[in-house]
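Observations on the model geometry
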Amino acid sequence: MSIIQDLVPVMDHIRENTGVFSDSMLKLAVEGMEGSQDNSVAFILKMVAFAAILISSVCGVAIPLVGKKHRFLGTDSNLFFTAKAFAAGVILATGFVHMLPGSTKKLTDPSLPKYLTNFPFSGFIAMMAALGTLVVDFVGTQYYERKQEKQNQKDRSDAEESGAIHIVGIHAHAAEHGHNHSQEQGDVREHSHAQAHGHWHSHSHSFGGEDEEGGVRHVVVSQVLELGIVSHSIIIGISLGVSESASTIRPLIIALSFHQFFEGFALGGCISQAQFNSLKSTIMAIFFAITTPLGIAIGVGASSSYDPHSPRALLVEGILNSVSSGILVYMALVDLIAADFLSKRMSCNTRLQVASYFALFFGAGLMSLIAIWA
């Protein structure tokens, strides 16, 4: 603002001596210069936000994926378990404290028709989204379980067929040479049975060393959680991108970077536990990491024509925020918190219980506190 402050006395002097500038003209000129400078500062801050949020998202989602190769950051370590509890608290607070109140504010705006503002649509839509997530969770789990069972049956059938062919060959060899290969046949049968059993056993644990049902759950949870995170991340990015207030953007940079890092950590942990192949894990991680920066880019491009206070914008953002809230609350409570905190591992480890509960409440409280700025 120093340039503007230097120019104001000069313009004042010209006005007093020449009468060229009226008071209203001087005021408009100063406001125009201030607005122009604020817009340029806001644009620079948006670029900083773009880079900061992208880096924090990449780091958050990458740590569990890369760390699974190291013992202290592996998905079966206590450190990972505790950090995941913290991330679950962050996601829960995002749904309850950030998304739902924001949705309520937008869907009760006076500019909307009365029939929309007279009914608590934000809570209703969030509830239906949570129930819809339950249906998707159930259907997805059933689908992957059936798919896995068919694969297991095919593998057992192939192994048995291969073993039978091998035994027939041994019989033919014994008949041709007149040797007694009963012992060898017994060994072969035992070997083929062990091979078939071992082959089936390895596939039944193809989701990373856990039982088949647990592996399927991680596959479904990771995909549904990504859907919920991505749906609100794009809205967050657009809202930041269309903002022209530097004072509004500054605190959002830190708040959203923190938010994206721990959401990414929770998502990365679920992807890691699902034991996807490297290509699919990378695609899911990249898709999450670029969503908010993409939203910022869209917001910057549309800032000249986009009116965030128009009835249509309020309605669209309000509905999407409500849907995101319902998905995130369901995923946090059912698939992240309940699944881990009611597990046998938690009940048998008092130290892990204390650390995880502290991390959960601390994550939820810290993310709620950030609502003051974001």
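The structure under discussion appears in the preceding block.
Here's the deal with helix H12 (residues 350-369)
In this model H12 runs 28 Å from its N-terminal to its C-terminal C-alpha over 20 residues, within 8% of the 28 Å that 1.5 Å per residue would give. Every buried residue of H12 is listed here: Leu 352, Ser 356, Ala 359, Leu 360, Gly 363, Ala 364 and Met 367. The arc that holds the buried residues of H12, viewed along the axis, is 120 degrees, so those residues lie on one side. Across from the buried face of H12, at angles greater than 90 degrees, the exposed residues are Thr 350, Arg 351, Val 354, Phe 358 and Phe 361. Looking at the packing, one finds that the buried side of H12 touches helix H3 (78-107), helix H8 (246-274), helix H10 (311-341) and helix H11 (344-347).

Quick word on the pattern of salt bridges
Under the definition given, this model contains 5 salt bridges. A salt bridge links Lys 106 to Glu 317, with the shortest nitrogen-to-oxygen separation between them at 3.2 Å. Of this pair, Lys 106 sits in helix H3 while Glu 317 sits in helix H10, and the two are 211 residues apart along the sequence. Among the residues examined, Glu 317 registers a relative accessible area of 5% and is labelled buried. For Asp 335, the salt bridge identified is with Arg 217, shortest N-O distance 2.5 Å. Of the two residues, Asp 335 sits in helix H10 while Arg 217 sits in helix H7 (residues 212-242), which places them 118 residues apart along the sequence. Its relative accessible area of 24% is what places Arg 217 among the partly exposed residues. Taken together, the shared-partner salt bridges connect Asp 137, Arg 217 and Asp 335 into one network.

A look at H8
Helix length check: H8, at 29 residues, gives a terminal C-alpha distance of 41 Å against a target of 42 Å (1.5 Å per residue), a fit within 8%. Roughly 30 degrees is the biggest bend found in H8, and it falls at Leu 252. Of all 29 residues making up H8, 23 are buried, and the element is well covered by its neighbours.

So, how was this worked out
- Residues numbered from 1 in each chain as written.
- Predicted model: local features only at pLDDT ≥ 70, side-chain atom pairs only at ≥ 80, totals over all residues.
- Heavy atoms only, no water.
- Helix = DSSP H or I, 4+ residues; strand = E, 2+ residues; numbered from the N terminus.
- Expected span 1.5 Å × (residues − 1).
- Buried < 20%, exposed > 50% of the residue type's maximum accessible area, 1.4 Å probe, protein only.
- Arc of directions from axis to C-beta.
- Contact = heavy atoms within 4.5 Å.
- Salt bridge = Lys/Arg side-chain N within 4 Å of Asp/Glu carboxyl O.
- Bend = angle between axes of the 7 residues up to and from the residue.

Function cannot be inferred from these measures alone, as they are strictly geometric.
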